[in-house]
Amino acid sequence: MLIAQANQGEAILRNRVNFHTAVTDASSLYPYFSQPDRPCSHFYVAENGVVEQYIDTRWRSSADYEGNDATISIETWDGYGRVWTSGSPPPWNAAQVRSLKALTLWILRTHRSIPPRLARDSIPGPSSFGLSWHRLGIDPWRHPQGMHYSTAYGKICPGDARVAQVPGILAHVKTDTTLTEDNQMLIIRRASDGATFIVIGGRGAGVKNTADLSAYRAAGVQTVNLSDPGYSEAQARYLTTA
């Protein structure tokens with residue numbers, strides 16, 4: 001595992017996996033990503049299916065702009081300059097598909113707040129949760145109320161052929177029946193008095209029995225204190241009062 005230095009601090013939310021195409025024939029993106037002040041994804045899947053990890057998934061990457069706080073990003077080789085030079089990238093090859101299936105399954109098992117379903121847009125909330133792709137947050141495909149995953153216009157990343165392969169990755173993920181779409185829960189705890197707030201699907205409700213907090217944590221539910229860095233951003237983006 002390679003660890004790049006370009007990250008944006010610890011992530012308190014994990015809602016989606018975003019697939020990218022790197023527009024490169026490089027076997028590794030580490031020489032580029034490891035340079036200061038450059039954007040960096042969590043993973044890269046090379047032509048031969050080798051997976052490189054540049055950032056631990058507990059940390060934010062900087063590959064998805066307004067979605068960085070809750071996104072795990074995967075860049076992928078596409079052979080630009082050798083395999084193709086114009087139009088759209090080719091599909092992921094068989095080795096890449098095998099690796100993407102295994103990697104995505106590992107991500108969802110590790111971050112169970114990411115539901116095993118396809119994202120529909122980049123709107124903050126449940127419709128953008130799950131297996132996603134970069135251009136859902138790129139104009140002109142971006143929903144008017146959606147987050148920008150890039151400031152570029154017309155960037156097709158990862159391309160039609162690769163978007164068409166995402167349902168197959170999801171089908172593999174769903175073979176693990178312990179992964180459920182209902183596990184979209186965030187417990188927010190006020191450090192001063194232990195009061196807790198439970199957030200499901202972007203809506204919040206008070207939890208009267210604060211002793212349940214430890215049980216939620218033991219079950220793998222995401223929890224944050226109001227004093228934690230990034231809480232106010234998470235509250236503004238994902239929490240509405242019931």
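Our subject in this report is the structure included herewith. (Residues numbered from 1 in each chain as written. Predicted model: local features only at pLDDT ≥ 70, side-chain atom pairs only at ≥ 80, totals over all residues. Heavy atoms only, no water.)

**Some points on the sheet that holds strand β1 (residues 16–19)**
In spatial order, the strands read β3-β2-β4-β1-β5; together these five strands make up an open sheet with mixed pairing. This sheet does not close on itself; its edge strands, each paired only once, are β3 (51–53) and β5 (130–133). Recorded for the sheet is a direction-independent mean angle of 25 degrees between the axes of neighbouring strands. Here β1 pairs with β5 via four bridges, running parallel. Bridge assignment links N18 to a residue of β5, and that residue is S132. Running at roughly 160 degrees to β5, helix α4 (residues 166–173) makes contact with β1 and β5 of the sheet. (Pairing = 2+ DSSP bridges. Helix = DSSP H or I, 4+ residues; strand = E, 2+ residues; numbered from the N terminus. Axes fitted to C-alpha atoms, helices over the stretch in contact; angles between N-to-C directions. Contact = heavy atoms within 4.5 Å.)

**Considering unusual backbone geometry**
The omega torsion of the bond from D139 to P140 falls at 10 degrees, within 30 degrees of zero and hence cis. Relative to the elements of secondary structure, P140 occurs in the loop between β5 and α3 (160–163). The omega torsion across C157 and P158 is 5 degrees, close enough to zero to call that bond cis. With respect to the helices, strands and loops of the structure, P158 is situated in the loop between β5 and α3. Not every positive phi belongs to a glycine, and V23 is a case in point at roughly 50 degrees. Locating V23 in the fold gives a position in the loop between β1 and α1 (30–33). Taking relative accessible area as the criterion, V23 reaches 41% and is therefore assigned partly exposed. The backbone of Y65 shows a phi angle near 50 degrees, a positive value even though the residue is not glycine. Position of Y65 among the secondary structure elements: in the loop between β3 and β4 (71–76). According to the relative accessible area criterion, Y65 is partly exposed, its value standing at 45%. (Buried < 20%, exposed > 50% of the residue type's maximum accessible area, 1.4 Å probe, protein only.)

**Details of α4**
Along α4, the positions that sit buried rather than exposed are V166, I169, L170 and V173. Relative to the axis of α4, the buried residues are bounded by an arc of 100 degrees and lie together on one face. The elements touched by buried residues of α4 are β1, α2 (94–110), β5 and α3. (Arc of directions from axis to C-beta.)

Honestly, that's just the spatial picture; any functional story needs more than this.
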